[in-house]
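Survey of secondary and tertiary structure
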Amino acid sequence: MSYENIEVRVEAGKVGIVTLNRPKALNALNDALMDELGAALKAFDADEAIGCMIITGSERAFAAGADIALMAKYTFVDTYKGDYITRNWESVRSIRKPVIAAVSGFALGGGCELAMMCDFIIAADNARFGQPEIKLGVIPGAGGTQRLPRAVGKAKAMDMALTGRMMDAAEAERAGLVSRVVPYDKLMDEALGAALTIADFSQIAVMAAKESVNRAFEGSLSDGVMFERRLFHALFATADQKEGMDAFLNKRKAEFKNQ
Ligand code: CAA
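Residues numbered from 1 in each chain as written. Predicted model: local features only at pLDDT ≥ 70, side-chain atom pairs only at ≥ 80, totals over all residues. Heavy atoms only, no water.

An unreviewed UniProt entry annotates the chain as enoyl-CoA hydratase of Pseudacidovorax intermedius. If you open the UniProt record of the chain and go to Function (unreviewed entry), you find "Could possibly oxidize fatty acids using specific components." If you open the UniProt record of the chain and go to Sequence similarities (unreviewed entry), you find "Belongs to the enoyl-CoA hydratase/isomerase family." (UniProt positions renumbered as here; feature names shortened; annotations may be inferred.)

Before going further, it helps to examine the overall build of the chain. Looking only at helices and strands, the chain features eleven helices and ten strands. The C-alpha atoms of the chain give 18 Å as radius of gyration, which agrees with the globular expectation for 259 residues (18 Å, within 12%). Counting all 259 residues of the chain, 49% fall into the buried class. Within the chain, contacts between residues at least 6 apart in sequence are counted, and of these 72% link residues at least 24 apart. Just so you have it, the chain exposes about 12,100 Å², and 56% of that area is on carbon and sulfur atoms. Charge-centre separation for the chain: the mean point of 31 positive side chains lies 4 Å from the mean point of 34 negative side chains. (Helix = DSSP H or I, 4+ residues; strand = E, 2+ residues; numbered from the N terminus. Rg over C-alpha atoms; globule rule 2.2 N^0.38 Å. Buried < 20%, exposed > 50% of the residue type's maximum accessible area, 1.4 Å probe, protein only. Contact = heavy atoms within 4.5 Å. Areas by Shrake-Rupley, 256 points an atom, 1.4 Å probe, with all protein chains shown as cover. Lys, Arg positive; Asp, Glu negative; His and termini not counted. Charge placed at Lys NZ, Arg CZ, Asp CG, Glu CD.)

With that out of the way, let us pick up helix H9 (residues 203–215). Between its first and last C-alpha, H9 extends 18 Å over 13 residues, near the 18 Å set by a 1.5 Å rise per residue. Inspection of H9 places Val206, Met207 and Lys210 among the buried residues, and these make up the whole buried set. Buried residues of H9, viewed axially, fall in a sector of 95 degrees; they line one side. Seen from the buried face of H9, the exposed residues on the opposite side, beyond 90 degrees, are Ile204 and Arg215. N-cap assignment for H9: the residue whose side-chain oxygen lies 3.2 Å from the backbone N of Ile204 is Ser202. (Expected span 1.5 Å × (residues − 1). Arc of directions from axis to C-beta. Polar contact = N/O pair within 3.5 Å; in protein donor to acceptor, adjacent residues only side chain to side chain.)

To continue, consider the pairing of strand E2 (residues 15–20). With six of its six residues buried, E2 lies for the most part within the structure. Here E2 shows two buried faces, one formed by Val15, Ile17 and Thr19 and the other by Gly16, Val18 and Leu20. Note that strand E1 (residues 6–11) and E2 share six bridges and pair antiparallel. If you follow Val10 over to E2, its bridge partner there is Gly16. Hairpin geometry of E1 and E2 is characterised by an intervening segment of three residues between the two adjacent antiparallel strands and by a positive phi of about 55 degrees at Ala12. Examined bridge by bridge, E2 and strand E3 (residues 52–56) share five bridges and lie parallel to one another. (Pairing = 2+ DSSP bridges.)

Written out as structure tokens, the structure is:
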């Protein structure tokens with residue numbers, strides 16, 4: 001299968017690597033990209049030879065979030081009726097073999113959420129994480145309000161979601177968001193080393209370990225994510241969403257009217 005928004009390759013016959021590839025938009029995540037990502041991961045998951053996967057981006061950006069140019073015009077009715085924007089993202093969570101996020105540069109909004117959907121994150125020292133949706137008049141819509149507090153605790157998650165500030169790689173490692181930080185030029189070697197270690201173990205045991213660790217975080221997570229998605233969609237009924245996204249696209253400061 002050929003892809004337009006991602007590049008796919010196999011290393012050492014057993015590690016599937018997906019590189020997000022929309023460089024002009026800092027790998028902003030649109031439906032086409034997320035469909036391709038889901039298809040590529042599912043194909044690797046079904047391939048007996050593949051024991052582990054890596055999702056990565058460019059040096060400048062893992063992904064700068066959901067595609068604001070696409071979202072800016074949506075209304076609440078569009079998003080709710082079509083279950084738009086994050087509907088097809090959960091396919092990442094359905095993958096049974098491990099998926100490592102190798103993050104360099106910006107992992108913002110949906111980019112941070114995509115990294116958190118992976119089983120663990122290895123970051124380059126230039127990585128920056130954030131949930132800046134508040135600046136656009138919305139909130140995270142792909143699990144950020146649910147997975148971030150589970151990863152870093154309430155205080156930092158609230159700080160990130162309410163101020164929209166970014167965390168650098170060192171802070172992300174201290175907070176427990178990422179498992180390892182390495183210099184950028186070692187990022188893929190480090191991720192590949194971890195993936196090869198995993199790929200050499202029993203696939204059954206690896207899948208069971210993944211399933212079991214994830215179980216610790218389930219409970220009401222699905223309810224939380226659905227609740228979040230409904231609120232995220234509801235914000236497309238506000239003038240502030242239009243203002244926030246229009247301001248971004250026109251490179252001006254947003255003036256929110258609280259309506
Ligand atoms: N969607 C669409 N396009 C984006 C984008 C996004 N999320 N992020 C960056 N781009 C585009 C820019 O519009 C710009 O395009 P042009 O060259 O055509 O103008 C290009 O990528 C380069 O970006 P900048 O010129 O802004 O680069 P910078 O280095 O000055 O800033 C940045 C980098 C801090 C990441 C900045 O681009 C930025 O703040 N991006 C938006 C981040 C964001 O708000 N993400 C959350 C999106 S909402 C979301 O994700 C919802 C959800 O939870 C599912």
